[in-house]
Each structure stands twice: as structure tokens, then as C-alpha cells.
Amino acid sequence: MPLLWAISGIAAFLVLFYICQAGLNYRRPWVLRRMHASSRRRLEEELTPRQKEQYFGGEDWDRVPEDYRPLAKLMRECGEGNRVYAGNSLEIITSGLRKRELLLQDLKEARHFIHVEYFKFGGDRAGREVREILMQKAREGVEVLFLFNNMMRGNVPRKYFREMEKAGVRVLAYTHLRTGVRQWFMHVNSQNHRKLVIVDGKVAYTGGMNLNDNYFFRWGDTHMRITGPVLARLQASFLDSWLSSCGAIDGPVSRYFESGFPVQEAPYGNKLMQVMVSAPEYPRPTAQVAYEWVLEHARKYIYIQTPYFVPPQSFLQALKDAAGRGVDVRLLLPGWIDTPFVGPANRSYYAECIEAGIRIVERFGVFNHSKTLVADDVFSIVGASNLDARSLKVNSEMDVLIYDAQVAQEARETFLKDCEKGRELQIEAWKASRSMYQKFASGFMRLFHALL
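This section reports on the structure supplied with the text. (Residues numbered from 1 in each chain as written. Predicted model: local features only at pLDDT ≥ 70, side-chain atom pairs only at ≥ 80, totals over all residues. Heavy atoms only, no water.)

## Let's talk about the overall build of the chain
The line we're drawing: A helix here means a DSSP run of H or I that spans at least four residues, while a strand means a run of E at least two residues long, and both kinds are numbered starting from the N terminus. Think of it in three bands: residues with accessible area under 20% of the maximum for their type are buried, residues over 50% are exposed, and the middle band is partly exposed, with areas taken using a 1.4 Å probe on protein chains only. Contacts are residue-level and defined by heavy atoms, with any inter-residue pair within 4.5 Å sufficient.
Within the chain, the secondary structure is distributed over 19 helices and 17 strands. Counting all 452 residues of the chain, 58% fall into the buried class. When contacts within the chain are restricted to residue pairs at least 6 apart in sequence, those whose partners lie at least 24 apart make up 81%.

Given below as C-alpha cells:
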């Protein structure tokens, strides 16, 4: 009898939790914007006129492909500072070992400041390698600001971060009651899912890779090393995250813009980029708006890879509509997933997608954590947003839009090569392979699509 009561209690709690979560709207700009007022005010008051021009200045609209100018303007309207920046250089990183090599070297060369913002930061080899460098640079007098998502620290003990603080690293937990009960509650639900490192205002890293052994040594993922004017937006985004989490900045924020964001040599040079910052305080879900716009306006093809495919209904319909127009729509999804509940939810969408003309390729072996899009040989996205309701509507995310034919064409070739490592699903074979248990699990987990 006690066991029955316990099971009944747990079931009742889950039902209540589901009803509350699915029915609440967490996009409340009038509540959340107050959390970010300090950072906006300091940028407006403390930046020099030249620095304001770097961040708030005009656009390079004539460089944007004509068909995609409405998207670039729409992204500008969706978030403050989401302007288009020309003249950037970047390297697209598809190997954790390559990110490790580049990142550790750039951190070692830091002279003035290092700003770190990560969803997951491990206590394993990868995390310790980065931590040791951060601690050493702090001892040398380099300012090191470290913002981490403490809801996702797993089994990493608090002592691990206290040792960083003793070395001089300024460590800040994203979710903490010091911000007040209201903000704490909003942060618990709206997680900071961004991955960002900025070194001396000269180089930045962002994309899908967190900092632990999975991303450095085991999984497949896509990240970027960026230099150039677009760092002004990345720097402002970090300052907003830090200040809105009750972090302190000593002195004017203008010093973080003094480098002028120089351009370094890289595989891709002189590229047009736009940082797409998504957050629940914005009136519209920025990432979802961007993806659905591309789906509605693409003419030839759209290739997307994501580890977690639990799309909102409007996104799913946009995928189907694009395929119905004759656009070549393909999804590259992992054959196995690190989160057990998401796998069945992912697969609950496969049959209707394939029947609508969307081609799905499952890749086995290495878990593919990449979040990318490429369309029509002119446009691509690399970032942190998954294709699920939490990333698209609730979490704080960061993605980069690249308006460039060279990058898009090579991203297309990379996507097609990765597809060769997987298998394309055929509708009849897919349906025949599904057991009753698998069908039930998929249908059940799809009920919780708004929470995954």
C-alpha cells in the first residue's frame, strides 16, 4: 500500500507539473527586461562615440544577399544590437580536438581579460585543462570572469569553483537567490544555454560545444573561432549576461571595446555575420522566427542538423510546407541520444516528416551534437539552439547567421559528407521496424514536448 501511494503521488505531481509548465507563458518582457536594464544603461552611458558606432551603428545592407535582407532586418528588430557586421574572419570547427588546440593557445596568450560563459563545464580532463589556464592567467593579473550554469554542473563539487576564486577568477553562478526570488524563478526555467569565450576583445569562440571531455574528445559538434567587428555584439552580450546575473564590473565597460576588434587571418575572411541572441525577455522568440523565415523563403534546399528534434507545431508545419513547395529539406539526426527521454520524442516526428517529403538521415556511432542550417548556397547558421521548445522559446541562446556563398557551399558539402556516414530512413521500413513499445514510448514522450 505505501508503494501504491508513493506511485500515485508521483503521478499526480507529474500531471500537475505538466499542466503548469505547458500552460504558463514564460516570455514576459515586462518582468525580464528589468533584469537587463543595468547593462543597457551602462553601454549607453559609458561607451565612447566611436564604440557606440561599433555596437549601435549602421548596417552593411548592400552586402546581404537581396533575398535575405528581410531576414537580416527582422533579426535587428527582434533584439537590441543584432546588427549586421562586415569584414569578419572565422574558422568553423568540427573537431573537439581542434577547438581544444585553438582555445588553449588563445587563453594562454591573454593579456588583459578573459570572459567565459558556458552551459556545461566539466570537472574532467577538458574542464581541468581550461580551469588551470584560467587560474594561472588570473594569478598573472588578467581579469577572468567566469559565468557558469550551476543548474547543469552535475557532480562537479562547489569546491572546484572555490579553488578558482582563490586564484583570482571571478566566478558567478547564473541561477542564484542573490538575484531575488522572481529572477531566480525565471532563471530556473529559462536556462542560459550559451557557449561563449572572449579573449582580450580580439578573438571569440561560440557554437554548440560545451567544455568537458564529451565535446573535446568524443562527440561530433560544430563551433567557431571568430575575429573582427562582430565581437562588439558578442562582448555586449556577455556583459549583459554577467550584469543581469548580479555580477560586478569595476570601472567603465568601455575598456572591453578598446581593442577595436581587429581581424586575424583565418580560413574564411571578410565575411558578413549577424549574431542572433535569443532570450525570453525579447518580445519574439528570435531563433524560432529566423528558422521559420528561412523555411518559408528557401527556394532550392535547406539542410539542418540538430541533436534534439522536438519542434513546436509552427516549426514542424514550416518544414512540411517547404518540402511541399519542392524544396529539398533534409534533417541529419543522431541515431542515439545522450538524453534518454528525448530519443523517443525525436522519433515521434519521423513518420509524418518523411511522408511530407522531408528526408531524414540517422547517424550512428559518434553522437552528433551540432546545431547548423545551410540554405540555397548563400546562407548558414551555426549556434547553440536546439530544435525544441525550450531552446526556441524559453532559454537564452546564441547563434550566428552567416550571409556568404563560400561558407554556405562548404557547409553544404560537409553536411552531405556527414550524411554518407548515416542511413536515410524509408517510410515503409521505418514503420515496420517500430515495436509497439517504441511507438508507445514515442507517443508518451511527445506529450511532454513543451518541457524537453
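## Structural notes on the pattern of salt bridges
For clarity, the cut-off: Basic side-chain nitrogens of Lys or Arg form a salt bridge, by our definition, when they fall within 4 Å of a carboxyl oxygen of Asp or Glu.
For the structure on display, the rule yields 22 salt bridges. The closest approach of N and O atoms between arginine 131 and glutamate 132, which form a salt bridge, is 3.6 Å. Note on glutamate 132: relative accessible area 41%, which makes it partly exposed. With its nearest N and O atoms 3.0 Å apart, the salt bridge here joins arginine 330 to aspartate 328.

## So, helix H8 (residues 158-166)
We count it as follows: Starting at the helix axis, one direction is taken to each C-beta atom, and the arc is that of these directions.
Listed in full, the buried residues belonging to H8 are Tyr160, Phe161 and Met164. Buried positions in H8, seen along its axis, are confined to an arc of 90 degrees and lie on one side of it. The outward face of H8, more than 90 degrees from its buried face, is lined by the exposed residues Lys159 and Lys166. Buried residues in H8 make contact with helix H7 (125-139), strand E3 (143-148) and strand E4 (170-173). Where H8 terminates, the next one or two residues include glycine 168, which has phi positive at roughly 110 degrees.

## Details of the nonpolar core
The tendency in soluble globular proteins is for nonpolar side chains to be buried as a group. Inclusion rule: Residues belong to a common nonpolar core when they are buried Ala, Val, Leu, Ile, Met, Phe, Trp, Tyr or Cys residues joined through side-chain atoms within 4.5 Å.
Of all hydrophobic cores here, the largest spans 91 residues; its most connected members are Leu71, Leu134 and Phe146. Top contributing element to this core by residue count: helix H12 (residues 286-297), with seven residues. Apart from residues no more than four positions distant in its own chain, leucine 134 is found in contact with Leu107, Ile114, Val116, Val144, Phe146, Met164 and Val169. Core analysis: the second largest hydrophobic core is formed by 40 residues, Ala204, Tyr268, Met398 and Val400 among them.

So yeah, pure geometry; function would need other evidence.
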